[in-house]
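Here is how the chains run, residue by residue.
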Amino acid sequence: MIDLSDIQAARQNLQGQVLNTPFTHSRTLSDMLGAEIWLKFENLQFTASFKERGAFNRMRLLTDDERACGVIAVSAGNHAQGVAYHAQRMGVPAVIVMPRFTPTVKVANTRRYGAEVVLAGDTFDDAQAHGYELAAKRGLVMIHPYDDAAVIAGQGTVALEMLEVRPDLDMLVVPIGGGGLIGGIATAAKALQPNLQVIGVQTERFPSMYATLAGKELPHGPYTIAEGIAVKSPGRITREIVARLVDDIQLVSEADIEHAIVVLLEIEKTVVEGAGAAGLAALLHAHGKGDTRFMDKRIGLVLTGGNIDPLMLGELIERGMVRAGRLARIRVDMRDLPGALAQATSLIADAQANITEVHHQRAFTSLPVRNVEVDFVLQTRGPEHITEVIDRLNAAGFAASNHDH
């Protein structure tokens, strides 16, 4: 097991090797949530994730013979990049095994650090089995992403940095995959501030730590936007630490996580991947449900990583704009006559909405012949503006309605 001294030693070892990332107060999120929200920007590490802390702290313990043979890691992406990056800096050969559906941006970044990437299995657990086979076959040292004392101690340095800035925090809200980060953070935080609450967050689709500690059997996956915490089986070491030191584990939905990513982008101007947004997702969900457990608390959130596929981010932004009423799809039924479409677009323009797409449908409709359905995708100011556009169209004799969903 690890204790505070191990994490403090890791802090010394990591000096000059990883960033002491910003830990700053978010006035806007605090106002939104009725709490004092502080954000730890681990997405600003060189590999855009906290994982390089634990990776380096473990790899510095390698013997000369182990360095010569090389290391292997199994990861959905961020641990892979942390191991590959520090292996390259240390001159150590590295093999990384990733599930086949790992986002391409994470695969590309890992290869960029000079590692040999092997894609195997559909899940982390499948990839891990293949990784142990390769390690035995090639004589490589396995750098486990979470179930290793040195890795956990390295991740725990996040808590030391947060509590140096705000020693009076009431609560830390931390995403959980295998449990390495929350295990290290809880060990450090509870040693320094025994009354500080540590809350874990998992996705509903991969509730492994939650289910293990609750003694329940819960279904998994098949997929989550938070692939960084999509772990079927929590660590043996981390399970014990979490059971002893973590106060509660919350589950969040895919929609909660999507919302949190867009909120962080829009308010904090920071890009966070699904796993990194899980903590804020839990707070937003509770606030939306009228749950007061986080109200008036001084809360530290860890934005664990920022490695999100740009195409996925684009989709999330669009979906977020739809939820906010800033992007709308309205359907207009009209006579199929010259000038009818021009009249409708003119009415929309007069209402100061911007048309981004038009879909004109004659055949696939239940309307009488010589009538046509037209779907307009509009940029608007919000729900009231959408209603104004629809009212103008209806007043002019068109049959218009909102078809967002």
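Look up a bit, the structure's there.
Residue indices begin from 1 for each chain and proceed along its sequence in written order. This being a predicted model, a pLDDT of at least 70 is required before a residue's local features are given, and a value of 80 or more before pairs of side-chain atoms are given or counted; all residues contribute to the totals for chains, interfaces and linings. Excluded from the side-chain calculation are hydrogens and water; included are all heavy atoms of the structure.

Check the secondary structure of the protein and you find 16 helices and 14 strands. For the protein, the spread of C-alpha atoms along the three principal axes comes to 80 × 50 × 40 Å. The buried share of the protein, reckoned over its 405 residues, is 55%. Note on contacts: a residue pair qualifies if any of its non-hydrogen atoms lie within 4.5 Å across the two residues. In the protein, once contacts between residues fewer than 6 apart in sequence are set aside, the share between residues at least 24 apart is 73%. Entry remark: accessible area of the protein is about 17500 Å², with carbon and sulfur atoms responsible for 51%. Averaging the positions of the 38 positive and the 47 negative side-chain charges in the protein gives two centres separated by 2 Å. The helix and strand labels rest on DSSP assignments: H or I over at least four residues marks a helix, E over at least two residues marks a strand, and numbering proceeds from the N terminus. Think of it in three bands: with a 1.4 Å probe and only protein chains considered, a residue is buried below 20% of the maximum accessible area for its type, exposed above 50%, and partly exposed in between. Accessible surface is estimated by sampling points in the Shrake-Rupley manner with a 1.4 Å probe; for residues, cover comes only from the protein chains shown. For the charge count, each Lys or Arg is scored as positive and each Asp or Glu as negative, with His and the chain ends excluded. The atoms used to mark charge sites are NZ of Lys, CZ of Arg, CG of Asp and CD of Glu.

With that settled, consider empty space enclosed by the protein. The method works on a 1 Å grid over the protein atoms by themselves. A cavity is a set of points holding a 1.4 Å probe that cannot get out, a pocket is an open set with protein on both sides within 12 Å along at least five of seven lines, and residues with an atom within 4 Å of a point line them. Grid points are joined across faces, edges and corners, and a volume is the space filled by probe spheres set on the points. Inspection of every chain in the model, using the stated rule, returns two cavities of 30 Å³ or more. Approximately 320 Å³ is the volume attributed to the largest cavity. Only helix H5 (78-90) and helix H9 (180-192) provide two or more residues apiece to the lining of the largest cavity. With three residues, H9 is the single largest residue contributor to the lining of the largest cavity. For the lining of the largest cavity, the residue count by class is 14 nonpolar, ten polar and three charged. Classification convention: Asp, Glu, Lys, Arg as charged; Ala, Val, Leu, Ile, Met, Phe, Trp, Tyr, Cys, Pro as nonpolar; all other residues, Gly among them, as polar.

Our next topic: the layout of surface pockets. One number sums up the size of the largest pocket: a volume of about 340 Å³. Surrounding the largest pocket, 15 residues form its lining, Phe101, Asp122, Pro222, Tyr223 and Glu227 being those nearest its centre. Among the residues making up the lining of the largest pocket, the classes are represented as ten nonpolar, three polar and two charged. Roughly 200 Å³ of internal volume is contained in the second largest pocket. Lining the second largest pocket, in full, are Glu318, Val322, Leu327, Ala328, Arg329, Thr356, Glu357, Val377 and Asp404. Of all elements in the fold, only helix H14 (310-323), strand S11 (327-335) and strand S12 (354-361) reach the threshold of two or more residues within the lining of the second largest pocket. Ranked by residues supplied to the lining of the second largest pocket, first place goes to S11 with three residues. When grouped by side-chain class, the residues that make up the lining of the second largest pocket number four nonpolar, one polar and four charged.

What follows concerns the sheet that holds strand S5 (residues 116-119). Through backbone hydrogen bonds, the strands of a sheet pair up, either in parallel or in antiparallel fashion. Any two strands are treated as partners once DSSP identifies two or more bridges connecting them. Across the sheet, four strands lie side by side as S5-S4-S3-S6; this open sheet has parallel pairing. Both edges of this open sheet fall to S5 and strand S6 (141-142), since each of them pairs with a single strand only. The sheet contact formed by strand S3 (residues 71-74) and S6 spans two bridges and is parallel. Within the sheet, the bridge partner assigned to valine 71 lies in S6 and is valine 141.

Another point: the nonpolar core. Buried residues of nine kinds, namely Ala, Val, Leu, Ile, Met, Phe, Trp, Tyr and Cys, make up a nonpolar core once their side-chain atoms join them within 4.5 Å. Ile37, Val173, Leu280 and Ile299 are the most contacted members of the largest nonpolar core, which has 40 residues in total. At the level of elements, helix H2 (27-33), strand S2 (36-41), strand S7 (171-175), strand S8 (197-203), helix H12 (254-268), helix H13 (278-288), strand S10 (298-303) and H14 are the ones that each hand at least two residues to this core. With seven residues, the single largest contributor to this core is H13. Those residues in contact with leucine 280, other than ones at most four positions away along the chain, are Leu29, Leu33, Ala260, Val263, Leu264 and Leu301. One finds Phe23, Met162, Leu196 and Val302 within the second-largest nonpolar core, a separate group that totals 34 residues.

Quick look at the pairing of S10 now. In terms of burial, S10 is largely enclosed, as five of its six residues are buried. Two elements, S2 and S10, share six bridges in a ladder whose sense is parallel. Bridge pairing links isoleucine 37 to isoleucine 299 in S10. Direction of pairing for S7 relative to S10: parallel, over a ladder of three bridges. The partner of methionine 171 across the bridge, within S10, is isoleucine 299.

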